[in-house]
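A structural walkthrough
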Amino acid sequence: MTGPERDPHTTNDPTDQAAAGSPADQAVPGSPADRPEDGPVAGQPRRSGLRNPEAAVRGLGAGTLGLEALVLLLAIQPVRVVGGDLSGAAIGVVVALAVAAIVLAGMMRRPWAWNAGTVLQGLLMLGGLLHWSLLGLGIIFALVWAYALHVRRVILG
């Protein structure tokens, strides 16, 4: 070998060298360095364990609204066929609500988007005046949205 011989399993990581120090440098059982970091510490907010909790919550809200838009658009034909007379106004309301859900899903970075999503659920339930199935979908998605708001509150505090 032309260069200095090296063990292929060693690295030049400075943390490895510090870990290989004298026993006096090692953590003593019961010392602060030995305590698990995931336990709650008095006076500090509880961590969610997520790398970016804001992005995770935004993804939850956007996913919920995207799923709602998809279900609304896919529900038009079955409701028309099975549910009786779904008027043109009711179809227009469903399409408008689906478009609004998609737009809101893309705007979840804005703090007001969560409130607008709540209003969207109310508008969908109000669409029940045009057809009873819209009220049913509105109740289902209002419950899903309420759960998403609950998860947001738990994660972000």
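Residues numbered from 1 in each chain as written. Predicted model: local features only at pLDDT ≥ 70, side-chain atom pairs only at ≥ 80, totals over all residues. Heavy atoms only, no water.

As for the environment of Leu67
Mapped onto the secondary structure, Leu67 falls in helix 2 (residues 53–82). The partly exposed category is assigned to Leu67, whose relative accessible area is 47%. Residues Leu67 and Ile102 lie 35 residues apart in sequence; the distance between their C-alpha atoms is 9.1 Å. (Helix = DSSP H or I, 4+ residues; strand = E, 2+ residues; numbered from the N terminus. Buried < 20%, exposed > 50% of the residue type's maximum accessible area, 1.4 Å probe, protein only.)

Here's the deal with the environment of Ala98
Among the structural elements, Ala98 can be located in helix 3 (residues 88–106). Remark: the alpha-carbon pair of Ala98 and Leu65, spanning 33 residues in sequence, is separated by 8.6 Å. Setting aside its immediate chain neighbours within four residues, Ala98 contacts Ala69, Leu72 and Leu73. (Contact = heavy atoms within 4.5 Å.)

Considerations on empty space enclosed by the protein
Regions of empty space are outlined by a rolling probe, equal in size to a water molecule, passed over the atoms. Applying the stated criterion across every chain yields a total of one cavity of 30 Å³ or more. Of the pockets and cavities examined, the largest cavity occupies roughly 40 Å³. Taken together, Leu72, Ala75, Ile76, Val79, Leu86, Val94, Ser133, Leu134 and Leu137 make up the lining of the largest cavity. Among the secondary structure elements, those contributing two or more residues to the lining of the largest cavity are helix 2 and helix 5 (132–156). No other element matches the four residues that helix 2 contributes to the lining of the largest cavity. Looking at the lining of the largest cavity residue by residue, the class counts come to eight nonpolar, one polar and no charged. (1 Å grid on protein atoms, 1.4 Å probe; cavity = no way out; pocket = protein on both sides within 12 Å on 5 of 7 lines; lining within 4 Å. Points joined across faces, edges and corners; volume = space filled by probe spheres on them. Nonpolar A, V, L, I, M, F, W, Y, C, P; charged D, E, K, R; others polar.)

Quick look at the packing of helix 2 against helix 4 (residues 113–126)
With their axes 12 Å apart at the nearest point, helix 2 and helix 4 run at an angle of 25° to one another. Taken together, helix 2 and helix 4 sit at an angle that is classed as roughly parallel. Of the two possible hands of crossing, helix 2 and helix 4 adopt the one that is left-handed. Here helix 2 contributes Val57, Gly61, Leu65, Glu68 and Leu72 to the contact with helix 4, which in turn contributes Trp114, Leu120, Gln121 and Leu124. Class assignment for the residues of the contact of helix 2 with helix 4 results in six nonpolar, two polar and one charged. (Axes fitted to C-alpha atoms, helices over the stretch in contact; angles between N-to-C directions. Parallel < 35°, antiparallel > 145°, perpendicular 65-115°, else oblique. Left-handed = near helix turned anticlockwise from the far one by under 90°.)

Regarding the packing of helix 2 against helix 5
One can describe the packing of helix 2 onto helix 5 by two numbers: an axis separation of 10 Å at closest approach and a directional angle of 175°. The orientation of helix 2 with respect to helix 5, classified from their angle, is roughly antiparallel. Partitioning the contact of helix 2 with helix 5 into residue classes produces 17 nonpolar, three polar and three charged.

Quick word on helix 3
Spanning 19 residues, helix 3 covers 27 Å between terminal C-alpha atoms, matching the ideal 27 Å at 1.5 Å per step. Residues of helix 3 that are buried include every one of Ala90, Val94, Leu97, Ala98, Ala101, Leu104 and Ala105, and no others. Down the axis of helix 3, the buried side of the element spans an arc of 130°, and every buried residue falls inside it. Exposed and oriented more than 90 degrees from the buried face of helix 3 are Gly88 and Gly106. Lining the buried residues of helix 3 we find helix 2, helix 4 and helix 5. (Expected span 1.5 Å × (residues − 1). Arc of directions from axis to C-beta.)

Quick notes on the nonpolar core
The tendency in soluble globular proteins is for nonpolar side chains to be buried side by side. Core analysis: the largest hydrophobic core is formed by 25 residues, its most contacted members being Leu65, Leu72, Met108, Trp114, Leu120, Leu124 and Leu137. Of all elements in the fold, only helix 2, helix 3, helix 4 and helix 5 reach the threshold of two or more residues within this core. Non-local contacts of Leu72, meaning those with residues more than four positions away in its chain, are made with Val94, Leu97, Ala98, Leu124 and Leu137. (Core = buried A, V, L, I, M, F, W, Y, C linked by side-chain atoms within 4.5 Å.)

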